[in-house]
Amino acid sequence: MSRIGRLPVAIPSGVDITIDGQTVTVKGPKGELQTTVSEPITVARTEDGLEVARPDDERESRSLHGLSRSLINNMVVGVTEGYEKKLEIHGTGYRVQNKGGSLEFALGFSHPVVVEAPEGISFTVENPTHLAVQGIDKQLVGETAANIRKLRRPDPYKGKGVRYEGEQIRRKVGKAGK
């Protein structure tokens, strides 16, 4: 049995969960999320919360069991607490500005780079070198943060670029170190 899949999904107060066949809809104080659970997996409401079950021990069923439970749990956490990824910008002259709902980056290119916020995502600029990506969908928050990091990845020689907060960059020595 899957260690993650057999755990019940706790439903906090203020969260409404609707199960319609294979579709699970979660409504909470921060918004609403919906997902479709893959076919062999079933979701049922119990007194402990939501129970995710699989019909057999086939390879596909086992692989989807824990995944389905994690996706539903991430939706419950998203509509109650939300998700946030923090990014740092390192480099001389590198900075970010908030322009309405979008971000404008100066990353050493000959032009500013503008990033529009996808629906359901908000940006917070704490100072010109620190920003945060917030939303209720864990996958969308992570993907948006990864796309921002991809604009100027941290280089291994000087460490300049956009990185996650607390990320350690493996530095190379360069020509002078030989």
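Residues numbered from 1 in each chain as written. Predicted model: local features only at pLDDT ≥ 70, side-chain atom pairs only at ≥ 80, totals over all residues. Heavy atoms only, no water.

Chemist: What should I look at first to understand the UniProt feature "domain: Large ribosomal subunit protein uL6 alpha-beta" (unreviewed entry) in the chain in this one?
Modeler: Listed under "domain: Large ribosomal subunit protein uL6 alpha-beta" (unreviewed entry) in the UniProt record, and renumbered for this structure, are residues 11–82 and 91–164. Annotation note: span residues 11–82, helix share 31%, strand share 35%, distance between end C-alpha atoms 15 Å. (UniProt positions renumbered as here; feature names shortened; annotations may be inferred. Helix = DSSP H or I, 4+ residues; strand = E, 2+ residues; numbered from the N terminus.)

Chemist: What's the story with the sheet that holds strand β9 (residues 113–116) in this structure? I'm lost.
Modeler: Where strands meet in a sheet, backbone hydrogen bonds hold them as pairs that are either parallel or antiparallel. Taken together, three strands build an open sheet; the order of strands is β7-β8-β9 and the sheet is antiparallel. Whereas interior strands pair on both sides, the edge strands pair on one side only; in this sheet they are β7 (95–99) and β9. Each strand of the sheet is rotated relative to its neighbour by a mean of 25°, with strand direction disregarded. As paired elements, β7 and strand β8 (residues 102–106) share five bridges and run antiparallel to each other. Within the sheet, the bridge partner assigned to Val-96 lies in β8 and is Phe-105. (Pairing = 2+ DSSP bridges. Axes fitted to C-alpha atoms, helices over the stretch in contact; angles between N-to-C directions.)

Chemist: Can you walk me through helix α1 (residues 59–80) in this structure?
Modeler: At 3.6 residues per turn, the α-helix brings residues three or four places apart onto the same side. A rise of 1.5 Å per residue sets the reference length of α1, with its 22 residues, at 32 Å; its end C-alpha atoms lie 33 Å apart and thus fit the reference within 8%. The positive-phi residue at the C-terminal boundary of α1 is Gly-82, with phi of around 85°. (Expected span 1.5 Å × (residues − 1).)

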